[in-house]
Amino acid sequence: MQYERSRWRCVRIAIVVVAWAAISHVATAEGPRSSADSRTAIQQLSRLGEPDGPNALCGGEPCDAVIRGLFHFFDRSPEGLEANGRSCGDCHMVTDRFQLSPASAELRFQILQWRLQFDPDADDPLFRPIDADDFRTNGEDASDFSNLRQNGLVRITFDLPPNVKLIDPATNQPSSETFVDIWRATPTVNDVKLTGPDGLNPWPRDPNPSGGYQLDARVATLQEQALGALTHHAQVQGPPSQQFLDDLHSFQRVLFTNSRVRALAEAIDAGITPLPDPDPPLNTLEQEGKVVFIRACAQCHGGPGQSLGIAPVIRYHGIMSQCPRPVDTVTPPRFAFTPCPPRLARNARTYETTLANNTKVRLTSSDPGRGLLTGFAEAPAQGDFLKFDVPGLRGIGKTAPYFHNNSADTLDEVVHHYIELFKRAQVTAPPGAPPAPFTTTDGIHFDRIPLPEEVPALLAYLKKL
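These figures come from a predicted structure and were not determined experimentally. (Residues numbered from 1 in each chain as written. Predicted model: local features only at pLDDT ≥ 70, side-chain atom pairs only at ≥ 80, totals over all residues. Heavy atoms only, no water.)

A separate point is the packing of helix α8 (residues 222-232) against helix α9 (residues 242-252). Between α8 and α9, whose axes approach to 8 Å, the crossing angle comes to 115 degrees. What the angle tells us is that α8 and α9 run roughly perpendicular. For the pair α8 and α9, the crossing hand works out as right-handed. Only Q242, F244, L245, D246, L248, H249 and Q252 of α9 make contact with α8, whose side of the interface consists of L222, Q223, Q225, A226, L227 and L230. The residue makeup of the contact of α8 with α9, split by class, is seven nonpolar, five polar and one charged. (Axes fitted to C-alpha atoms, helices over the stretch in contact; angles between N-to-C directions. Helix = DSSP H or I, 4+ residues; strand = E, 2+ residues; numbered from the N terminus. Parallel < 35°, antiparallel > 145°, perpendicular 65-115°, else oblique. Left-handed = near helix turned anticlockwise from the far one by under 90°. Contact = heavy atoms within 4.5 Å. Nonpolar A, V, L, I, M, F, W, Y, C, P; charged D, E, K, R; others polar.)

Laid out in structure tokens, this is it:
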């Protein structure tokens, strides 16, 4: 009986999500909601998800907190917070499975241009100057949203570590800049309960050596993640309350790709062993693909959330998805990454890092990853530079495009990229050294790379996750 009541509570909350998303979508088409409109909608919709008593739980979270977090997530005018009109749902779009695709950004931009022909005050809060390419030169008058429209990327600003300098492209000398803008994708918030810090396979340096949130794991909690988004993307003028952040945390922790992944999370909470397999029924080809996945991918995409590198594989990885990408100097090339298109390549900057021995090294990249958190560029493998956290893969068949910069449009491109990564790891290994841990099952043979004849099965399985 308790299970059925909990299940019905989850169903009611799902109804609220759909209804609120519909209201948000209409508001996007017709203009921003007022605070009064938001409060009225909240009062009406909250009756659908009213919990069974003050201590009722929904997916392990307090039901009342989940419902409040739902409304906070989609509210463009949260009471008591002066913001720029954006809600979490503007960038984590329900129709994009709580992420943001370039196609959706471009569609919203075109709809806005159409509306402006009839209403000069028409607005879509996705397009705020802070995420315009020309914001640093034109400030609040900025209007070039190329990165947002073409790539689905938003601006993330980092203070430069003390030992890192940006190189002025005009003089080829270190500049006086103290911060840098990086353009990154908006990751889905589905399944976040299964990712984040886990205490396993720690990295040798902070922050968050055993995992975190954001693409580089720079924050330790969902509350901290929400605060960062509210501050930098919604540009709130004052700090939200702790309850506001806790409510967003509770809401996000009940978002899952599907009911099987939800059941997996509940089994983990209950301490059930063995854990249930969240895969759907698989046909023969998909089953063959799962075997390939376990051999070729699960060493990095391991654990229940598929976001844990299994030792001896390191915690954080560089997969060469940044721009520019490595090019083999041998003819014919032994590996060949797909070059970044100009729309992404233009985001690259050159960094000069001073090592502990006072040696200076330069790196040109569109995104140095965790290197911007630590400035640690020592060997092996450039320290923290170009390293990112490992994302979960559930629902990946419906969350294109891929990588931290949305540089792979399809899963076919993703698999091709990884095959080239395997090839590069093989040919760049020092003479006599064992294969890199992610490329070998026994420490001797280079045998994890997907074979050409295995690719169709691997793709079939990935699309079913």
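Turning to the side chain of H404, a few remarks are in order. You can see H404 is positioned in the loop between α13 (371-374) and α14 (411-427). Of note is the side chain of H404, whose polar atom sits 3.3 Å from the side chain of S321. (Polar contact = N/O pair within 3.5 Å; in protein donor to acceptor, adjacent residues only side chain to side chain.)

With that out of the way, let us pick up the sheet that holds strand β5 (residues 173-174). One open sheet holds the four strands; their spatial order is β5-β4-β7-β8, and the pairing between them is antiparallel. Each of the sheet's edge strands pairs with one partner strand only, and the pair in question is β5 and β8 (360-365). As paired elements, strand β4 (residues 164-168) and strand β7 (residues 349-354) share three bridges and run antiparallel to each other. Across the sheet, residue K165 finds its bridge partner in β7, namely E352. (Pairing = 2+ DSSP bridges.)

Let us look at the packing of aromatic side chains. What the rule picks out here adds up to twelve aromatic pairs. Where F73 meets F98, the ring centres are 5.8 Å apart and the plane angle is 70 degrees; that geometry is what we call edge-to-face. Remark: F98 occurs in the loop between α4 (88-91) and α5 (102-116) and F73 occurs in helix α3 (residues 63-74); sequence separation between them is 25 residues. Residue classification places F73 among the buried residues on the basis of a relative accessible area of 2%. (Phe/Tyr/Trp six-rings, centres within 6.5 Å; stacked < 30°, edge-to-face > 60°. Buried < 20%, exposed > 50% of the residue type's maximum accessible area, 1.4 Å probe, protein only.)

Moving on, we get to the nonpolar core. Counting 30 residues, the largest nonpolar core has L126, F127, L148, L160, V180, Y351 and L372 as the members making the most contacts within it. Going through the elements one at a time, α5, β3 (153-159), β4 and β6 (179-185) are the ones with two or more residues in this core. If sequence neighbours within four positions are ignored, L126 has contacts with R86, D90, C91, L100, A105, R108 and L148. Counting residues in each nonpolar core, the second largest holds 28 residues, with V292, I319, F337 and L462 among its members. (Core = buried A, V, L, I, M, F, W, Y, C linked by side-chain atoms within 4.5 Å.)

Okay, the packing of helix α11 (residues 284-296) against helix α15 (residues 455-462) next. Contact geometry of α11 with α15 gives a least axis separation of 7 Å together with a crossing angle of 95 degrees. Comparing the axis directions of α11 and α15 gives the class roughly perpendicular. Where α11 approaches α15, its residues L285, E286, E288, G289, K290, V292 and F293 are matched on the opposing element by P456, A457, L458, A460, Y461 and L462. For the contact of α11 with α15, the class distribution of residues is nine nonpolar, one polar and three charged.

Moving on, we come to α9. Among the eleven residues in α9, eight count as buried, and that is most of the element. Among the residues making up α9, those that are buried are F244, L245, D247, L248, H249, S250, F251 and Q252.

Before going further, it helps to spend a moment on the state of the cysteines. For the coordinates displayed, the defined rule picks out two disulfides. Shown here is the disulfide that connects C323 with C340, its sulfur atoms set 2.1 Å apart. Note on the C323 and C340 pair: the S-S dihedral is about -90 degrees, so by sign convention the disulfide is left-handed. Residue C323 is found in the loop between α11 and α12 (342-345), and its partner C340 is found in the loop between α11 and α12; the two are separated by 17 residues along the sequence. Judged by relative accessible area, which is 15%, C340 ranks as buried. The connectivity of the disulfide bonds within the protein can be written as 1-2, 3-4, using the sequence rank of each bonded cysteine. Cysteine C88 is unpaired, with the sulfur of C91 as its nearest cysteine sulfur at 8.8 Å. (Disulfide = S-S within 2.5 Å.)

Spatial relationships are all this shows, so hold off on functional conclusions.
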